[in-house]
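# Structural description and commentary
Residues per chain are reported as follows:
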Amino acid sequence: MKIGVLVSGRGSNLQALIDAYQLGKIKGNIALVISDNPNAYAIERCKKHQIPYEVVLRKNFPTKRDFEREMVRLLKEREVELVVLAGFMRILSEEFLSAFPMKVINIHPSLIPAFQGLNAQRQAIEYGAKITGCTVHFVSEELDNGPVIIQACVPILPEDTEESLSEKILKFEHRILPQAVKWISEGRVKVEGRKVIVEGAVYGTLPVNPMLEDFFW
Ligand code: GRF
């Protein structure tokens, strides 16, 4: 399966995908990365790994619709079948989503439906939650919602700051995002209403150390 990745910044989740493809954990390839930010560090990662990328700036288009149509055009040109939002800081319209029905996924740094929107890690700390985590979900028009594919949980310790918590959650993001892409690429994912069913998936066995090699099922 050919995937397209949409980014706006650092691109560490993009890097996790690049690494998983390079290690042969996921079949297929990253056919295109689109950044809406010309200064995104994600672009450097593309250059380093010879991954095709395009910078598409919202300000160069009269309307959001034209901006999104250009992204759809570029993705279709590269025959992208799955679109991965990896730190892409824009909400996509129904028109974009209908170009890739149930084939747009997002990574969010909380256990949705808790703490949707920006600064999810800070929201969790300020709320006084004792557990948070990260979620990969199909994208619906509603912000940070849509059927959940995989989640990982991270405890919030009294001494945690937004930075320390973000760092801990990010390690798990880097494991569950490639995992979700792998499942979808293997055609193992079915969606029934809000429920995502993954053929042969073993849930509940996430190791405490997310860097453990045998993480991939
Ligand atoms: C991640 O925390 C992701 O969950 C959120 O934006 C951040 C992107 O980080 N949607 P990176 O650009 O992948 O390093």
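A few points on the structure.

About the thresholds
- Residues numbered from 1 in each chain as written.
- Predicted model: local features only at pLDDT ≥ 70, side-chain atom pairs only at ≥ 80, totals over all residues.
- Heavy atoms only, no water.
- Near = heavy atom within 4 Å.
- Polar contact = N/O pair within 3.5 Å; in protein donor to acceptor, adjacent residues only side chain to side chain.
- Areas by Shrake-Rupley, 256 points an atom, 1.4 Å probe, with all protein chains shown as cover.
- Helix = DSSP H or I, 4+ residues; strand = E, 2+ residues; numbered from the N terminus.
- Nonpolar A, V, L, I, M, F, W, Y, C, P; charged D, E, K, R; others polar.
- Buried < 20%, exposed > 50% of the residue type's maximum accessible area, 1.4 Å probe, protein only.
- Pairing = 2+ DSSP bridges.
- Right-handed = clockwise from strand over helix to strand, strands pointing away.
- Phe/Tyr/Trp six-rings, centres within 6.5 Å; stacked < 30°, edge-to-face > 60°.
- Lys NZ or Arg CZ within 6 Å of the ring centre and 35° of its normal.
- Contact = heavy atoms within 4.5 Å.

## Details of the site of the ligand
Neighbouring residues of the ligand: Arg10, Gly11, Ser12, Asn13, Gly87, Ile107, His108, Pro109 and Glu173. The separation between an oxygen atom of the ligand and a polar side-chain atom of Ser12 is 2.5 Å. Residue Ile107 places a main-chain N or O atom 3.0 Å away from a nitrogen atom belonging to the ligand. In the complex, 85% of the free accessible area of the ligand, which totals 360 Å², lies under the protein chains. Of all elements in the fold, only α1 (12-22) and β5 (104-108) reach the threshold of two or more residues within the shell around the ligand. For the shell around the ligand, the per-class residue count stands at 2 nonpolar, 5 polar and 2 charged.

## Concerning the pairing of strand β1 (residues 2-7)
Buried residues dominate β1, accounting for 5 of its 6 residues. Pairing of β1 with strand β2 (residues 29-35) involves 6 bridges; the strand directions are parallel. The partner of Lys2 across the bridge, within β2, is Asn29. Traced from β1 through α1 to β2, the parallel crossover comes out right-handed. Pairing analysis gives 4 bridges linking β1 to strand β4 (residues 82-85), with the strands arranged parallel. In the strand pairing of β4, Leu6 is matched with Leu85.

## Details of the packing of aromatic side chains
Counted by the stated rule, this structure contains 3 aromatic pairs. Here Phe96 and Phe100 contribute two aromatic rings whose centre-to-centre distance is 5.7 Å and whose plane-to-plane angle is 40°, an arrangement assigned as tilted. Here the two residues Phe96 and Phe100 agree in accessibility, since each one is buried. With centroids separated by 5.6 Å and ring planes inclined at 65°, the aromatic side chains of Phe115 and Tyr127 adopt a geometry described as edge-to-face. Placement of Phe115 in the loop between β5 and α5 (120-127) and of Tyr127 in helix α5 is noted, with a sequence separation of 12 residues between them. Under the relative-accessibility criterion, Phe115 is labelled buried at 14%. Stacked on the ring of Phe100, the Lys or Arg Lys76 has its end atom at 4.3 Å from the ring centre.

## Some words on α1
Since the α-helix turns once every 3.6 residues, residues separated by three or four places project in the same direction. Along α1, 9 of the 11 residues are buried, which leaves the element largely enclosed by surrounding structure. Among all positions of α1, only Ser12, Asn13, Leu14, Gln15, Ala16, Leu17, Ile18, Ala20 and Tyr21 are buried. On its buried side, α1 packs onto β1, β2, α2 (41-48), β4, β5 and α6 (162-185). Remark: Gly24 follows α1 within two positions and exhibits a positive phi of approximately 75°.

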